[in-house]
Amino acid sequence: MLSELLKRWHGRVGVLAASFVLLLAFTGLCLNHVSSWGFDTKAIRSPGLLALYGMAEVGTVISYPLNDVFVSESNGQLFYQAKEIGHCEGSLVGALEFRSKTASQIIVACEQALLLFSSSLQLIEKVGAAFGLPIAVQRIGLVDGDLLIDTSSGLFYADLDTLSWAAVEEGEIPRSSQWSEPSPPPETLKRAVAESIDRADITYERLLLDIHSGRILGEWGVYLVDAMALLFMLLAISGLILWSKGRKF
Amino acid sequence: MKRVTKQLIQASALVLCLLPFSALGKGIYLTADAFLAESFAPAQPLMESLWLTDDIRGSAKQILNHAYPGLRIRYWRDSEESSQRTAWILNEVGKTRPITIGIAIADDEIERVRILEFRESRGAEVRMDFFTRQFIGLSLQPPKGLLSESIDGISGATLSVKAVKKTARFALFLHQLVTNDKPVAGEELVFSP
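Residue numbers here run from 1 along each chain, matching the order of that chain's written sequence. The naming scheme follows written order: chains are lettered A onward, ligands numbered 1 onward. Where local features are concerned, this predicted model is filtered to residues with pLDDT of at least 70; where side-chain atom pairs are given and counted, the filter is 80 or more; whole-chain, interface and lining totals use all residues. For side-chain calculations, the full set of non-hydrogen atoms in the structure is used, while hydrogens and water are omitted.

### Let's talk about the overall build of chain A
- Of the regular secondary structure elements, chain A holds 6 helices and 13 strands.
- Among the 249 residues that make up chain A, the fraction classed as buried is 43%.
- Residue contacts are counted whenever heavy atoms from the two residues lie within 4.5 Å of one another. A separation of at least 24 residues holds for 51% of the contacts in chain A among residues at least 6 apart in sequence. Here a strand is any run of E in DSSP of at least two residues, a helix any run of H or I of at least four, and the numbering for each starts at the N terminus. Relative accessibility thresholds used throughout: buried, under 20% of the residue-type maximum; exposed, over 50%; partly exposed, between the two (1.4 Å probe, protein chains only).

Shown next, in the form of structure tokens:
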């Protein structure tokens, strides 16, 4: 009875493990020959594969004009012209100069947070959902000197001094509202931003290693490979038990 | 074919059972509103802001081991003037991603520590009550501005533990700045990392 159960589960686990054995064997074989096959020096250029590493391609620089300069975002990094000024949570959705009661400030809007900078580009604070910011921010604008944010939960007048968000209907927005609109940056700036992105070349060896270890799928991938390793151990043990009992399978 | 499908489903269920659940630590555990409500109930707190002078930034660097990324910090205080209760919601990086930590302080002693959001893949145990309750009643101890009691660490969560400890010290320091004139940076307490 126990042997029957063991045999049945040995088969089931074997079916599941088969595809992983093939994958691990193939990547292992390739890893054994990375140098002779040139995988250790050949960099991945495919945008799809680079995206697995969170690496934006050069073409995905999002820019918003701010007077005569550009605020840009690529790969989660924020740039004022080509100078890195911080990190964006979500995509960049707007940038504008805002004159508060006391000073001129720069507001950079990402989907999950508003970043408030001084005119000398020092970060004053980052305002996210913890401070009541309605998310996800889709665009920002100015109406008669007041800050307006358009979010997935509606339109709001924002007061960044008191951190208050007053909902407003679309029909109540004056036509004089000025929304921050994206604009393609000059090629020279795009290149400069691309060069500043934290991107080391990802080689095919790295890709193979990450597939082999499961890291290509992030932390869950590692756990998945761990689980597979446990299954392989179970297979080996159940196989030995079944063999020792002289059964064929 | 049906048999193979059934076997695959059963085998997949087995894999799910084998997956460790420690990766489920990421997430939002408490909203800012809920944290403030439990810290100030039944009163409504008032939000204030503290601008960081060069002196404060210097002390912050000593406590956090890095410059504080910002010139202004928001905090909440009791609406009753006589009360010296404040609450702080601060972000501190454990290993690679920021942990959002809520700290309520009354009369220069920590009243509660809550992990509002944890974004890293390891170390989420710091959100557990057995860890955060160790901070209750702690204050800053002169002359080095260390926590008045030591905090037991958690194996495998060293960096998250450090982040919460640093943030607790920072919040106590900020609380003293906004509630009384005691520890102006560089006076009574000489912070050490």
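So much for the structure itself; the text now carries on.
### Considering the layout of surface pockets
- Of the two site types, the cavity is a set of points on a 1 Å grid over the protein atoms alone where a 1.4 Å probe fits but cannot get out, and the pocket is an open set with protein on both sides within 12 Å along at least five of seven lines, each lined by residues with an atom within 4 Å of a point. Grid points are joined across faces, edges and corners, and a volume is the space filled by probe spheres set on the points. Counted as a void, the second largest pocket has a volume near 800 Å³.
- Of all the secondary structure elements, the ones that give two or more residues to the lining of the second largest pocket are α5 (204-213) and α6 (219-244) of chain A together with α5 (158-179) of chain B.

### Side note on the packing of aromatic side chains
- Aromatic pairs are defined between Phe, Tyr and Trp rings, using the six-membered ring for Trp, whenever the two ring centres lie within 6.5 Å; interplanar angles under 30 degrees are classed as stacked, those over 60 as edge-to-face, and all others as tilted. Overall, the coordinates contain 8 aromatic pairs over all chains when judged by the stated rule.
- On the numbers, 5.4 Å between centres and 75 degrees between planes, the contact of F131(B) with F135(B) is edge-to-face. Like F131(B), the residue F135(B) is buried in the burial classification.
- Ring geometry for F170(B) versus F173(B): centroids 6.5 Å apart, planes at 25 degrees, classification stacked. Placement of the pair is F170(B) and F173(B) together in helix α5, with a separation of 3 residues, close to one helical turn.
- In this structure F173(B) comes out as buried when scored by relative accessible area, which is 0%.
- Through pairs of rings, three or more aromatic residues link up here, namely W37(A), F39(A) and Y204(A).
- In this structure, R139(A) packs its charged tip against the face of W179(A), placed 3.8 Å from the ring centre. Charge-over-ring contacts are defined here by two conditions on Lys NZ or Arg CZ: a distance within 6 Å of the ring centre and an angle within 35 degrees of the ring normal.

### Points about α6(A)
Residue and element names in this part refer to chain A.
- Compared with an ideal rise of 1.5 Å per residue, which puts 26 residues at 38 Å, α6 spans 38 Å between its outermost C-alpha atoms and is within 8% of the ideal.
- All of the buried residues along α6 are G221, Y223, A227, M228, L231, L235, S238, G239 and L242.
- After α6 finishes, the residue G246 shows a positive phi value of roughly 70 degrees. What a helix is expected to span follows from its residue count: subtract one and scale by 1.5 Å.

### Things to note about the confidence of the model for chain B
Residues and elements named next belong to chain B.
- pLDDT is a residue-level measure of predictor confidence that goes from 0 to 100. In the predicted model, chain B carries a mean pLDDT of 85, and the fraction of residues at 70 or more is 82%.
- Ranking the helices and strands of chain B by mean pLDDT puts strand β6 (residues 109-118) first, with 95, and helix α1 (residues 2-18) last, with 62.
- Predicted as a complex, the structure gets a pTM of 0.68 and an ipTM equal to 0.74.

### Here we look at the state of the cysteines
Residue and element names in this part refer to chain A.
- Note that a disulfide, as used here, is simply two cysteine sulfur atoms within 2.5 Å. Scanning all chains against the criterion turns up 1 disulfide over all chains.
- There is a disulfide in this structure between C88 and C110, and the S-S distance comes to 1.9 Å. Judged by the sign of its S-S torsion, about -115 degrees, the cystine formed by C88 and C110 is left-handed. In this pair, C88 is assigned in the loop between β4 (83-87) and β5 (92-99) and C110 in strand β6 (residues 104-110), connecting sequence segments 22 residues apart. Each of the two residues, C88 as well as C110, counts as buried.

### Considerations on the pairing of β5(A)
Residues and elements named next belong to chain A.
- The buried fraction of β5 is high, at 6 of 8 residues.
- The pairing criterion for strands is at least two bridges between them, as found by DSSP. Bridging between β5 and β6 involves 7 bridges; their strand directions are antiparallel. In the strand pairing of β6, E97 is matched with I106.

### A few points about the environment of L140(B)
- As for its placement among the helices and strands, L140(B) is situated in strand β7 (residues 140-141).
- Taking the C-alpha atoms as reference points, L140(B) and R169(B), 29 residues apart in sequence, are found 6.9 Å from one another.

### A look at the sheet that holds strand β13 (residues 178-179) of chain A
All names here are of chain A.
- Across the sheet, 5 strands lie side by side as β12-β11-β10-β9-β13; this open sheet has antiparallel pairing. Two strands close off the open sheet at either side, each with one partner strand: β12 (164-168) and β13.
- Across 6 bridges, strand β9 (residues 137-143) lies against strand β10 (residues 146-151) in antiparallel orientation. Note that in β10 the partner of V137 across the bridge is T151.

### Quick look at the environment of L50(A)
Residues and elements named next belong to chain A.
- Structurally, the position occupied by L50 is in helix α3 (residues 47-52).
- Overall, L50 belongs to the buried group, its relative accessible area being 7%.
- The spatial distance from the C-alpha of L50 to the C-alpha of L207 is 9.7 Å, given a sequence separation of 157 residues.

### Description of empty space enclosed by the protein
All names here are of chain B.
- Tallied over the entire structure, the rule returns 2 cavities of 30 Å³ or more.
- Considered as a void within the structure, the largest cavity measures approximately 40 Å³ in volume.
- If you tally residues by element for the lining of the largest cavity, the top one is strand β4 (residues 85-93), at 3 residues.
- Throughout, the ten residues Ala, Val, Leu, Ile, Met, Phe, Trp, Tyr, Cys and Pro are labelled nonpolar, Asp, Glu, Lys and Arg are labelled charged, and all others, Gly among them, are labelled polar. A per-class count over the lining of the largest cavity returns 5 nonpolar, 2 polar and 1 charged.

### Points about the pattern of salt bridges
- One side-chain nitrogen of Lys or Arg within 4 Å of one carboxyl oxygen of Asp or Glu is enough to make a salt bridge. Per the stated rule, a full pass over the model turns up 15 salt bridges over all chains.
- Close ionic contact of D210(A) with R206(A) constitutes a salt bridge, the shortest N to O distance being 3.1 Å. Of the two residues, D210(A) and R206(A) are both situated in helix α5; the distance of 4 residues between them amounts to about one turn of the helix.
- Looking at R206(A), the relative accessible area reads 39%, which means it is partly exposed.
- Note that R133(B) and D129(B) form a salt bridge whose closest N and O atoms lie 3.2 Å from each other.
- The structure contains a network of salt bridges with shared partners spanning E125(A), D161(A), R72(B) and R74(B).

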